[in-house]
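So you can see what is in the structure, the chains are spelled out below.
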Amino acid sequence: MSKNKVYSPTQGALGAFLGGSLASLYFIKQNYSALNNDEAISKTLLFGGILVFAVLAVLPFLPEDFPNMAIPIATIITTRFIIEKHQFSKEDVASNEELSFQSNWKVFWVSLLSLIIFIILGSSIILLLDLLGIVNFY
């Protein structure tokens, strides 16, 4: 019998810290997939996609004295809250014979890939804003 591999609240929070909002979106979506909750998957992709786009759009306009850790901390707290309250806690996974934890290495690699994609998207937006003359970055 194969077990559904899921991300614990701690894995999701750590992955969100390392990989940002894209990683958070991935972990939450994958857990809803393990729960076979198609409605929640759709809502996660819609609202998460809007949130990722909003973060990317706002970053170039934040003041220089904006706290560097505000967005990562908000992402960590939100990810942990959603996984723990709307999906399952670590204890739920440990006590359920149909569920098992994802590998911590997978959390790391997904987070790293998410960070790289986020940097590419963010750099593209910054370059576009600079080319359009909306913001000067030099």
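Notes on the structure follow. (Residues numbered from 1 in each chain as written. Predicted model: local features only at pLDDT ≥ 70, side-chain atom pairs only at ≥ 80, totals over all residues. Heavy atoms only, no water.)

## Comments concerning the overall build of the protein
Link 1 in the chain: Helix and strand counts for the protein stand at five helices and two strands.
Link 2 in the chain: Listing each helix as α and each strand as β along the protein from the N terminus yields β-α-α-α-α-β-α.
Link 3 in the chain: Its C-alpha atoms give the protein principal-axis dimensions of about 55 × 25 × 25 Å.
Link 4 in the chain: With 138 residues in all, the protein has 33% of them scored as buried.
Link 5 in the chain: Working note: accessible area of the protein is about 8900 Å², and carbon and sulfur atoms make up 66% of it. (Helix = DSSP H or I, 4+ residues; strand = E, 2+ residues; numbered from the N terminus. Buried < 20%, exposed > 50% of the residue type's maximum accessible area, 1.4 Å probe, protein only. Areas by Shrake-Rupley, 256 points an atom, 1.4 Å probe, with all protein chains shown as cover.)

## Looking at a nonpolar patch on the surface
Link 1 in the chain: A cluster of nonpolar residues, Leu14, Phe17, Leu18, Met69, Ile73, Ile77, Trp105, Phe108, Trp109, Leu112, Ile116 and Ile120, forms a patch on the protein surface that exposes about 1200 Å² of accessible area.
Link 2 in the chain: Elements supplying a minimum of two residues to the nonpolar patch: helix 1 (9-34), helix 3 (70-87) and helix 5 (104-131).
Link 3 in the chain: Sort the elements by how many residues they give to the nonpolar patch and helix 5 lands first, with six residues.
Link 4 in the chain: With respect to the helices and strands, Phe108 occurs in helix 5. (Patch = residues over 30% accessible without salt bridge, like charges linked within 9 Å, V, L, I, M, F, W, Y side chains within 5 Å. Salt bridge = Lys/Arg side-chain N within 4 Å of Asp/Glu carboxyl O.)

## Details of unusual backbone geometry
Across residues other than glycine, the phi torsion is negative in most instances, and most of the peptide bonds are trans.
Link 1 in the chain: Residue Asn36 is not a glycine yet carries a positive backbone phi of 55°.
Link 2 in the chain: Here Asn36 lies in the loop between helix 1 and helix 2 (38-58).
Link 3 in the chain: The exposure class of Asn36 is exposed, given its relative accessible area of 65%.

## Some words on the side chain of Gln87
Link 1 in the chain: Residue position: Gln87 is located in helix 3.
Link 2 in the chain: Residue class for Gln87 comes out buried when judged on its relative accessible area of 12%.
Link 3 in the chain: In contact with Gln87, not counting residues within four places along its chain, are Ile28, Asn31, Tyr32, Leu35 and Ile82. (Contact = heavy atoms within 4.5 Å.)

## Regarding helix 3
Link 1 in the chain: Here helix 3 contains 18 residues, and its C-alpha end-to-end distance of 25 Å stays within 8% of the 26 Å for a straight helix at 1.5 Å per residue.
Link 2 in the chain: Those residues of helix 3 lying buried are Thr75, Thr79, Ile83 and Gln87. Angular distribution of buried residues about the axis of helix 3 spans 50°; they occupy a single face of the element. Facing away from the buried side of helix 3 by over 90 degrees, the exposed positions are Ile77 and Lys85. (Expected span 1.5 Å × (residues − 1). Arc of directions from axis to C-beta.)

## Some thoughts on the environment of Leu128
Link 1 in the chain: In this structure, Leu128 sits in helix 5.
Link 2 in the chain: Each C-alpha atom of the pair Leu128 and Ser111 lies 25 Å from the other, and the pair is 17 residues apart in sequence.

The values are spatial; any link to function lies outside them.
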